[in-house]
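One-letter residues, chain by chain:
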Amino acid sequence: MKSPFSLACLIALGWTQNVGIGTATPTSARLHVVTPAGAYAAVRGQTSNIQAWVAYQYNIPAVGGTPSVSGGAGFYCEPNTADNIAIFVRAVPNNNLATIGAFSTVPWISVFALTDNTTNNFNPAAIYGQLNVSNATLGNFQSAIRGYHNRTATTGNPGWSVGVEGVGVGQSQDGFGVLGVARTNSTSERAGGSFQAQDMAMNLLSWARVADASGAVRKIIGSGGVSEVIPHPRHGRITLTAPEAPEYWYFDFGTVKMVNGRAHVDLDPILADIIVVNEEYPIRVFVTPVDMPDFKGVTVTNRTATGFDLVELGGGTSTGYLDYQIVVRPKTGYGEGRFPYAAPPLPLKVEEDPARPLTKNRPREQGREIFYWPPDAQVFGYEELYRARMKETLEPTPPKMTPTSWK
């Protein structure tokens, strides 16, 4: 029999006939190795830093008390030292499909990733996806990780089709199911998350952006109303919808006692610190007398940034209670104006928006300044902590890779 070295060389060069080790001559491969009696792998390769088995039929051992993978594996690799990768696959430049393909026909999953972190050094991710884009003209969605669920034309509605699912289980630790962060200097469109509902013909039915900073900062912006659902034992599930307005307003309510036809109302000092009061946006007051049938009416006088007076008309001297509602302009988003332009839903970009020329109020393009509160971390002095934790969350550990990092 040929020596192992010459056999490996000849097989690699394709100069030999099909070769079987521990079996008859194969017909579907150059080399066919069968697991020897008492062994748990057909082929084992090892260097000083890493070892790997092919046709591994033994249960993959548990690590750190985490569950093991039973039933063996076609290929099992185990680094012996730190900073080694178990499996690394590099696609050639003309590969236009995928670097790794996973396919399963059994009722389980195609890819399973388990990271057991017992160190206090850093927080690794079970799955990390990074997309480096250097093309200056490539458009559309550029996603580091994309999930696509496809249920065929099977009839019935037994479950839910979910493109991406996030579950944060923290027991006593704080948790989020999904964290979305947009980090960009573009002010045309930026938001923590963008969500849409479509029909099967891809008609856009509803859309919303969350944590939006495309213009004045908003928690939520999109189509439709903002609603609350109350489960009531007598009336069922009730939907309540918030009122909408061309501008942003704060409301406050109260009751004041009128004595001899006069009353004074001081604004809550907290409210006074976060509103704008001027000739364009004075305090607006709506008053209703309570249990005073002979009341002559009331006028609002001496409106300032901190309060106002209520005086009975016609020199009246009534004594009793007045309910009032005030409407004031917040500092938040001040300067944006009425009916401001809204960026279109994805995937349309602002410069492609056919509705943009029809909008009269485009504050940024008209040179109008919009008021922004300073960032929360700056106001309360935890900028360094914020940046450090966000860097750990948004940037990989070890440092992010470039196409030439691994040869």
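Here the structure is shown first, and the text comes after it.
Heads up: these notes are all about the structure in this document.

Reading the values: the criteria
Residues numbered from 1 in each chain as written. Predicted model: local features only at pLDDT ≥ 70, side-chain atom pairs only at ≥ 80, totals over all residues. Heavy atoms only, no water. Helix = DSSP H or I, 4+ residues; strand = E, 2+ residues; numbered from the N terminus. Buried < 20%, exposed > 50% of the residue type's maximum accessible area, 1.4 Å probe, protein only. Contact = heavy atoms within 4.5 Å. Areas by Shrake-Rupley, 256 points an atom, 1.4 Å probe, with all protein chains shown as cover. Pairing = 2+ DSSP bridges. Axes fitted to C-alpha atoms, helices over the stretch in contact; angles between N-to-C directions. Polar contact = N/O pair within 3.5 Å; in protein donor to acceptor, adjacent residues only side chain to side chain.

### A short note on the overall build of the protein chain
From N to C terminus, the protein chain includes 4 helices and 17 strands. For the protein chain, buried positions account for 20% of its 407 residues. Partitioning the contacts of the protein chain with sequence separation of at least 6, the portion at a separation of at least 24 is 48%. Surface exposure of the protein chain reaches about 30,500 Å², of which carbon and sulfur atoms provide 55%.

### Regarding the sheet that holds strand 7 (residues 204-212)
Pairing within the open sheet is antiparallel, and its 3 strands lie in the order 6-7-8. Lying at the two open borders of the sheet, with one neighbouring strand each, are strand 6 (191-198) and strand 8 (218-222). Put simply, the sheet's adjacent strands are angled 15 degrees from each other on average, direction ignored. When strand 7 meets strand 8, the two strands line up antiparallel, connected through 4 bridges. Each bridged residue has a counterpart across the sheet, and for Val210 the counterpart in strand 8 is Ile220.

### Some points on the side chain of Gln51
Take Gln51: it is sitting in strand 4 (residues 50-56). Note on Gln51: relative accessible area 10%, which makes it buried. Here Arg44 takes part through its side chain, which lies 2.3 Å from a polar atom of the side chain of Gln51.

### Looking at the environment of Phe88
With respect to the element layout, Phe88 can be found in the loop between strand 5 (73-79) and strand 6. Remark: the alpha-carbon pair of Phe88 and Ile100, spanning 12 residues in sequence, is separated by 9.8 Å.

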